[in-house]
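Given next are the chains, with one letter for each unit.
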Amino acid sequence: MTETADTLRLDKWLWHARFFKSRGLAAALVKSGRCRVDGVPVSKPARTIAPGVVLTFPKEDQVRVVRVVALGVRRGPAPEAQALYEDLTPPAPPKTQPNEQRVGGRPTKKDRRDMETLKGTR
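Right, let's walk through the structure included here.

## Focus: the sheet that holds strand 3 (residues 40-42)
Taken together, five strands build an open sheet; the order of strands is 3-2-5-6-7 and the sheet is antiparallel. This sheet does not close on itself; its edge strands, each paired only once, are strand 3 and strand 7 (85-87). Within this sheet the neighbouring strands show an average axis-to-axis angle of 30 degrees, counted without direction. Bridge count between strand 2 (residues 35-37) and strand 5 (residues 54-59): two bridges; the pairing is antiparallel. Bridge assignment links V37 to a residue of strand 5, and that residue is L55.

Take a look at the structure:
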């Protein structure tokens, strides 16, 4: 089986490219309907893909956008898997500082001390 096919199942490619630890997890994501092939939602893991197709799917806390560059013959090591796709995912927005993120809620110990100083009770 050294010959390369022109197409490959979507769930198998996601597994070959190491986006998921098992083919079953990849198939479950596709079945949920949250995966898109060239912008069109798909819900069948057996959907065939070819090089040049753009895939969009959620992975952990971000939406991944990748272009299929090659089809894998096997699930090989990470450098081999990274050669199968081109990552088009936009960069994540910068994380805010913990103090900027906090809005309302219970004041911290420092906040309470600052309020006491302003009130003049300290």
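## With respect to a positive patch on the surface
On the surface, R106, K109, R112 and R113 cluster together to form a positively charged patch. Mapped onto the elements, R113 comes out in helix 5 (residues 109-119). By relative accessible area, R113 is classed as partly exposed at 38%.

## Some words on the pattern of salt bridges
Under the criterion given, the structure shown has six salt bridges. Note that D11 and R9 form a salt bridge whose closest N and O atoms lie 3.1 Å from each other. Using a relative accessible area of 32% as the deciding quantity, one classes R9 as partly exposed. Note that E80 is salt-bridged to R74, the shortest N-O span being 3.1 Å. For E80, a relative accessible area of 33% corresponds to the partly exposed category. In this structure R74 comes out as partly exposed when scored by relative accessible area, which is 48%.

## Some details on the nonpolar core
By size, the foremost hydrophobic cluster in this structure holds 22 residues, and its most contacted members are L10, W13, L14, F19, I49, L55 and F57. Once residues within four sequence positions are removed from consideration, F19 is found in contact with W13, L14, F57, K59, R64, V66 and Y85.

## Structural notes on the packing of aromatic side chains
In total, this model carries five aromatic pairs according to the counting rule given. A connected cluster of aromatic rings, assembled from ring pairs, spans W13, F19, F20, F57 and Y85.

## As for helix 2 (residues 23-31)
Taken residue by residue, helix 2 has A26, A27, L29 and V30 as its buried positions. Along the long axis of helix 2, the arc covered by the buried residues comes to 160 degrees, so they all point the same way. Contacts from the buried residues of helix 2 go to helix 1 (10-16), strand 2, strand 3 and strand 5. Of the residues one or two after helix 2, G33 is the one with positive phi, at around 85 degrees.

## Description of the environment of I49
With respect to the helices, strands and loops of the structure, I49 is situated in strand 4 (residues 48-49). I49 sits 41 residues away from L8 along the chain, and the two C-alpha atoms are 5.5 Å apart.

Scoring rules and cut-offs
- Residues numbered from 1 in each chain as written.
- Predicted model: local features only at pLDDT ≥ 70, side-chain atom pairs only at ≥ 80, totals over all residues.
- Heavy atoms only, no water.
- Pairing = 2+ DSSP bridges.
- Helix = DSSP H or I, 4+ residues; strand = E, 2+ residues; numbered from the N terminus.
- Axes fitted to C-alpha atoms, helices over the stretch in contact; angles between N-to-C directions.
- Patch = residues over 30% accessible without salt bridge, like charges linked within 9 Å, V, L, I, M, F, W, Y side chains within 5 Å.
- Areas by Shrake-Rupley, 256 points an atom, 1.4 Å probe, with all protein chains shown as cover.
- Salt bridge = Lys/Arg side-chain N within 4 Å of Asp/Glu carboxyl O.
- Lys, Arg positive; Asp, Glu negative; His and termini not counted.
- Charge placed at Lys NZ, Arg CZ, Asp CG, Glu CD.
- Buried < 20%, exposed > 50% of the residue type's maximum accessible area, 1.4 Å probe, protein only.
- Core = buried A, V, L, I, M, F, W, Y, C linked by side-chain atoms within 4.5 Å.
- Contact = heavy atoms within 4.5 Å.
- Phe/Tyr/Trp six-rings, centres within 6.5 Å; stacked < 30°, edge-to-face > 60°.
- Arc of directions from axis to C-beta.

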